[in-house]
Amino acid sequence: MTKTTYAWPDGKRCAAVFSIDFDGQTPYLWRSRHNRPDTLGELEQRAFGPREGIYRILGMLSDLDIRASFFIPGVIAEHYPEAVEAIAQAGHEIGLHGYLHERVDELTEEQVEESILRGKAALEKVIGPRTMGFRSPSWEMTPDTFELIKRHGIPYDSSLMGYDHPYWFEDLPEIPVQWLLDDAIFYRYTGGGAGNPPLNPRTVIDTWEQEFEGIKRFGGLFLLTVHDWISGRGSRLIALEGLLSRLKNDPEVWWATCGEIAEYHARQYAGQFRESLGGLGHDGL
Ligand SMILES: [Zn+2]
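Residues numbered from 1 in each chain as written. Predicted model: local features only at pLDDT ≥ 70, side-chain atom pairs only at ≥ 80, totals over all residues. Heavy atoms only, no water.

> How would you explain the packing of aromatic side chains if you had to name every residue and give the values?
The way to describe two aromatic rings as a pair is by their centre distance and the angle between their planes. Counted by the stated rule, this structure contains 14 aromatic pairs. Measuring from ring centre to ring centre gives 4.6 Å for W139 and W179, while their planes differ by 35°; the resulting arrangement is tilted. Of this pair, W139 sits in the loop between helix 5 (109-127) and helix 6 (143-151) while W179 is found in the loop between strand 5 (172-174) and helix 7 (184-187), placing the two residues 40 residues apart along the sequence. A relative accessible area of 7% means that W139 is categorised as buried. Summarising the aromatic geometry, the rings of F146 and F169 are spaced 5.1 Å apart at their centres and angled 50° between planes, so their arrangement reads as tilted. Of the two residues, F146 sits in helix 6 while F169 sits in strand 4 (residues 167-169), which places them 23 residues apart along the sequence. On the basis of relative accessibility, which here comes to 3%, the residue F146 falls in the buried class. Directly above the ring of W229 sits R46, whose terminal nitrogen or CZ lies 4.1 Å from the centroid. Over the ring of Y99 we find R118, and its NZ or CZ is 3.9 Å from the ring centre. (Phe/Tyr/Trp six-rings, centres within 6.5 Å; stacked < 30°, edge-to-face > 60°. Helix = DSSP H or I, 4+ residues; strand = E, 2+ residues; numbered from the N terminus. Buried < 20%, exposed > 50% of the residue type's maximum accessible area, 1.4 Å probe, protein only. Lys NZ or Arg CZ within 6 Å of the ring centre and 35° of its normal.)

Below is the structure:
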């Protein structure tokens, strides 16, 4: 049996998107919101992102002539408006990522709505009103959150992993992420003896390159996600630059933003690749 292959524009074999979850300190602030410890280590480690990392990433993208998708919590826009302005001015896509990087599965529906609307208002104060896609903090989603983002006219979600090409979930285009293409699982280390030491950037790039070859063979979407405070470090950025430069020069790759991929999917695949909450496990099984 053969399955329908996902077809990309202009006969390209696959698509590539470079995305940045511009989190800075926000996941730490959310995690410790009830009982913030009187320590500076992780906070300062993360502050490296909005102070330095994000500008290095922007410089690299400018050198490579790549337009990327940045997902930004509202608090980052309030505290680092100049960084968010620089992202917008360079022509990159900006998307929603909560207000304080709230995990939607830890909130009531009203609280999720508040976090989305506050996050959107904080971003729009810096970059002006615009339609923005959604990426859920920590990549967790709930049925209620899908309902909410549809109700508020948000054009797509980019938080789930049900395919490695775009699909519909609950009548919204889903632009799928995957853990293998996230820098955090390889590099995230915040001290205290917990967790593994960060991997060598060459190992990480090698892993991503192998996954790119796999995605290319099966005609999927190579959606890479990095973080300002993680991949903005020198050796990681140099390695990343090499990978992106190779992929940028591959004539069989369609480079786009998440928003452009969502538009393409909505236009070309209105009736195909549709999934919903009625599937196995979503109805109480
Ligand atoms: Zn995040």
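That shown, we press on.
> Can you tell me about the layout of surface pockets, naming the residues and giving the values?
Rolled over the atoms, a probe with the dimensions of a water molecule shows which regions are left empty. Here the largest pocket defines a volume of roughly 360 Å³. Forming the boundary of the largest pocket are 18 residues, of which D23, P27, H101, S138 and R188 lie nearest the centre. Secondary-structure elements contributing two or more residues to the lining of the largest pocket are helix 1 (26-31) and helix 9 (228-231). With three residues, the top contributor of residues to the lining of the largest pocket is helix 1. The class makeup of the residues in the lining of the largest pocket is seven nonpolar, four polar and seven charged. (1 Å grid on protein atoms, 1.4 Å probe; cavity = no way out; pocket = protein on both sides within 12 Å on 5 of 7 lines; lining within 4 Å. Points joined across faces, edges and corners; volume = space filled by probe spheres on them. Nonpolar A, V, L, I, M, F, W, Y, C, P; charged D, E, K, R; others polar.)

> Give me the UniProt feature "domain: NodB homology" (unreviewed entry) in the chain: which residues, what numbers.
Taken from the UniProt record, the annotation "domain: NodB homology" (unreviewed entry) applies to residues 39-258. Taken as a whole, residues 39-258 contains 50% helix and 11% strand, while its terminal C-alpha atoms sit 37 Å from one another. (UniProt positions renumbered as here; feature names shortened; annotations may be inferred.)

> Go over the pairing of strand 6 (residues 221-227), please, and point to the residues and values.
For strand 6, the tally of buried residues reaches seven of seven residues, placing the bulk of the element in the interior. Burial along strand 6 is two-sided: L221, L223, T225 and H227 and F222, L224 and V226, pointing in opposite directions, are all buried. As paired strands, strand 1 (residues 14-21) and strand 6 are joined by seven bridges and run parallel to one another. Note on strand 6: the bridge partner recorded for V17 is L223. (Pairing = 2+ DSSP bridges.)

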